[in-house]
Amino acid sequence: MLNFTKENAMPTTKEEVNQLIASHSIVIFSKTSCPFCKMAKQVFHNLQKEYTAIELNERNDGDEIQSILGEMTGARTVPRVFVNGVCLGGGTDVKKLYETGELQKMF
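Parameters and conventions
- Residues numbered from 1 in each chain as written.
- Predicted model: local features only at pLDDT ≥ 70, side-chain atom pairs only at ≥ 80, totals over all residues.
- Heavy atoms only, no water.
- Buried < 20%, exposed > 50% of the residue type's maximum accessible area, 1.4 Å probe, protein only.
- Helix = DSSP H or I, 4+ residues; strand = E, 2+ residues; numbered from the N terminus.
- Arc of directions from axis to C-beta.
- Contact = heavy atoms within 4.5 Å.
- Pairing = 2+ DSSP bridges.
- Salt bridge = Lys/Arg side-chain N within 4 Å of Asp/Glu carboxyl O.
- Axes fitted to C-alpha atoms, helices over the stretch in contact; angles between N-to-C directions.
- Parallel < 35°, antiparallel > 145°, perpendicular 65-115°, else oblique.
- Left-handed = near helix turned anticlockwise from the far one by under 90°.

> Describe helix α1 (residues 14-22), listing the residues and the values that go with them.
For α1, the full list of buried residues reads Val-17, Leu-20 and Ile-21. Seen from one end, α1 has its buried residues packed into an arc of 100 degrees, which puts them on one side. Away from the buried face of α1 by more than 90 degrees, exposed residues Glu-15, Gln-19 and Ala-22 are located. Those residues of α1 that are buried lie in contact with β2 (26-30), β3 (52-55), α3 (62-73) and β4 (80-83).

> Account for the pairing of strand β5 (residues 86-89), naming residues and giving values.
In terms of strand pairing, β4 meets β5 through three bridges, oriented antiparallel. Residue pairing in the sheet places Val-83 in a bridge with Val-86 of β5. Linking β4 to β5, which pair antiparallel, is a turn of two residues; within it Asn-84 sits at a positive phi near 50 degrees.

> How would you explain the pattern of salt bridges if you had to name every residue and give the values?
A pair can form between side chains of opposite charge whenever their charged atoms are brought close. Evaluation of the coordinates by the stated rule reveals four salt bridges. As a salt-bridge pair, Lys-41 and Glu-55 come within 2.5 Å of each other at their nearest N and O atoms. Of this pair, Lys-41 sits in helix α2 (residues 35-46) while Glu-55 sits in strand β3; the two residues are 14 residues apart in sequence, bridging distant segments of the chain. Judged by its relative accessible area of 12%, Lys-41 falls in the buried class. Of the charged contacts in the structure, one is a salt bridge between Lys-95 and Glu-99, with a shortest N-O distance of 4.0 Å. Of this pair, Lys-95 and Glu-99 both sit in helix α4 (residues 91-100), four residues apart, roughly one helical turn. With relative accessibility at 36%, the residue Lys-95 sits in the partly exposed group.

> Tell me about the packing of α2 against α4, and please be specific about residues and values.
The N-to-C vectors of α2 and α4 enclose an angle of 30 degrees; their axes lie 8 Å apart at closest approach. It follows that α2 is roughly parallel to α4 by the angle criterion. Judged by the twist between their axes, the crossing of α2 over α4 is left-handed. Where α2 abuts α4, its residues Phe-36, Met-39, Ala-40, Val-43, Phe-44 and Asn-46 lie against Gly-91, Thr-92, Val-94, Lys-95 and Tyr-98.

Pasting the structure below:
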């Protein structure tokens, strides 16, 4: 798992967010205390898939990134989970895809 915190130089524009999503097969835009974020991460742990977690509450530009994600995906809620550049939605969405076997087909 890769974690990007405020110490890392990270995206603040839509193009930079898109580049981040494109450069990692699994990206979870998350907040450390969010139970739905933990749910999504657990799914990938269960699958033994490495993911990149962007913890928005630990970043100075977290609100800005969350707004960009809102524009891109139609929702500002976290987590926002991307697999191979496609937004799967949030924690409940990812868990349902996992339980039906659809998520496993994406790798």
